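# Chain and residue survey
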Amino acid sequence: MKLIASLTSPFARKVRMVLAEKAIPFELVVDIPWHAETQVPLANPLGKVPVLVLPQAQNLYDSRVIVDYLECLVPQPALIPTQPEFYIAVKKVEALADGIADAAATIFIERRRPVNLQSEEWINRQQQKIDLGLAALAQELGEASYMVGTDFSLADIAAICCLGYLDLRFNHLHWRELYPNLATFMLATNSRASVQATVPVL
């Protein structure tokens, strides 16, 4: 299988981490959707990464769809619990982390526009999502070692990718000082092979 991805995308990183955790071999094709020469729309009509190209020439897009597919394809190690209570808890954290990352990416893209075309009201609205989202993410973690339950899961992967993207693009937020439990969580998971192998690079 082939993964079309940007090395800075938190959503692509989420898929890359799942692939690494499950030791699924794949070919990485780097493509930046906002570059003029991008080929992403040919693989995904929405023009977004990641895109998973399967051997049958079927394309899967949206990171949530892709990780669900990978969980079905290679059930072990399990990253999405099957018990309803834990399944919903993991998917809730994934949605929260993805929402923070999406708001951050939206601000980043808006800031790339000419200054006279940028909307501060729109940027502030996205920033509020980041601020409230981080508070909620910290509350979800509490004093635990993992986002959900007692095992590493997709919830942790999504949180790592979200916080890693903030480090890359929004290091002025100083979220570690605001939420020490999230800082401890990131430090504790940093040595994991899937984390080290997917650190976003410019």
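Residues numbered from 1 in each chain as written. Predicted model: local features only at pLDDT ≥ 70, side-chain atom pairs only at ≥ 80, totals over all residues. Heavy atoms only, no water.

## Some thoughts on the UniProt feature "domain: GST C-terminal" (unreviewed entry) in the protein
Under the present numbering, the feature "domain: GST C-terminal" (unreviewed entry) in UniProt falls on residues 82-202. Secondary structure across residues 82-202 comprises 69% helix and 0% strand; the distance between its end C-alpha atoms is 36 Å. (UniProt positions renumbered as here; feature names shortened; annotations may be inferred. Helix = DSSP H or I, 4+ residues; strand = E, 2+ residues; numbered from the N terminus.)

## Remarks on the packing of aromatic side chains
Following the criterion strictly, the structure yields one aromatic pair and no others. Taking 5.9 Å as the distance between ring centres and 55° as the angle between the ring planes, the aromatic pair formed by Trp34 and Phe108 counts as tilted. Residue Trp34 is found in the loop between β2 (27-30) and α2 (40-43), and its partner Phe108 is found in helix α4 (residues 84-111); the two are separated by 74 residues along the sequence. Overall, Trp34 belongs to the partly exposed group, its relative accessible area being 38%. For Phe108, a relative accessible area of 18% corresponds to the buried category. When the ring centre of Phe108 is taken as origin, the NZ or CZ atom of Arg169, which lies over that ring, is 3.8 Å away. Sitting over the face of the ring of Phe152, Arg192 holds its NZ or CZ atom 3.7 Å from the ring centroid. (Phe/Tyr/Trp six-rings, centres within 6.5 Å; stacked < 30°, edge-to-face > 60°. Buried < 20%, exposed > 50% of the residue type's maximum accessible area, 1.4 Å probe, protein only. Lys NZ or Arg CZ within 6 Å of the ring centre and 35° of its normal.)

## Thoughts on the side chain of Arg16
Residue placement: Arg16 occurs in helix α1 (residues 10-21). No salt bridge is formed by the buried Arg16. Its closest oppositely charged neighbour is Glu21, at 13 Å. Those residues within four positions of Arg16 in sequence are excluded, and the remaining contacts are Leu3, Leu7, Leu28, Ala197 and Thr198. (Lys, Arg positive; Asp, Glu negative; His and termini not counted. Salt bridge = Lys/Arg side-chain N within 4 Å of Asp/Glu carboxyl O. Contact = heavy atoms within 4.5 Å.)

## Regarding the domain arrangement of the protein
Domains assigned within the protein are domain 1 (2-73) and domain 2 (84-193). Computed from C-alpha coordinates alone, the two centres of domain 1 and domain 2 are separated by 20 Å. Contact residues are listed per partner, giving 13 residues for domain 1 and 19 residues for domain 2. A buried area of about 1400 Å², summed over both sides, lies between domain 1 and domain 2, and 66% of it is on carbon and sulfur atoms. The partner of Glu21 in a salt bridge is Arg192, and the shortest N-O contact between them spans 2.8 Å. The tally of links between domain 1 and domain 2 comes to five residue pairs in polar contact (both at pLDDT 80 or more). Counting only elements with at least two residues in the side of domain 1 that touches domain 2, the list comes to α1 and α3 (63-73). In terms of residue count, α1 provides more of the side of domain 1 that touches domain 2 than any other element does, seven residues in total. (Domains from an automatic or database assignment. Buried area = accessible area lost by both parts, 1.4 Å probe. Polar contact = N/O pair within 3.5 Å; in protein donor to acceptor, adjacent residues only side chain to side chain.)

## A closer look at α3
Here α3 has its buried residues at Ser63, Ile66, Val67, Leu70 and Glu71. Buried residues of α3 fall within an arc of 140° about the axis and therefore sit on the same side. At its buried positions, α3 is contacted by α1, β3 (51-53), β4 (59-61), α4 and α6 (154-169). Here α3 starts with a cap whose side-chain oxygen sits 2.9 Å from the backbone nitrogen of Arg64, and that cap is Asp62. (Arc of directions from axis to C-beta.)

## Structural notes on the sheet that holds β3
In spatial order, the strands read β2-β1-β3-β4; together these four strands make up an open sheet with mixed pairing. Two strands in the sheet have a free side with no partner beyond their single neighbour: β2 and β4. In this sheet, adjacent strand axes meet at a mean angle of 20° when their direction is disregarded. Across three bridges, the pairing between β3 and β4 is antiparallel. (Pairing = 2+ DSSP bridges. Axes fitted to C-alpha atoms, helices over the stretch in contact; angles between N-to-C directions.)

## Here we look at the packing of helix α5 (residues 120-141) against helix α8 (residues 180-189)
α8 packs onto α5 with a crossing angle of 70° between their chain directions and a minimal axis gap of 9 Å. Compared by their axis directions, α5 and α8 come out roughly perpendicular. In this structure, α5 crosses over α8, and the sense of that crossing is left-handed. Every residue of α8 that contacts α5 at Leu134, Leu137, Ala138 and Leu141 is listed here: Asn181, Leu182 and Phe185. For the contact of α5 with α8, the residue count by class is six nonpolar, one polar and no charged. (Parallel < 35°, antiparallel > 145°, perpendicular 65-115°, else oblique. Left-handed = near helix turned anticlockwise from the far one by under 90°. Nonpolar A, V, L, I, M, F, W, Y, C, P; charged D, E, K, R; others polar.)

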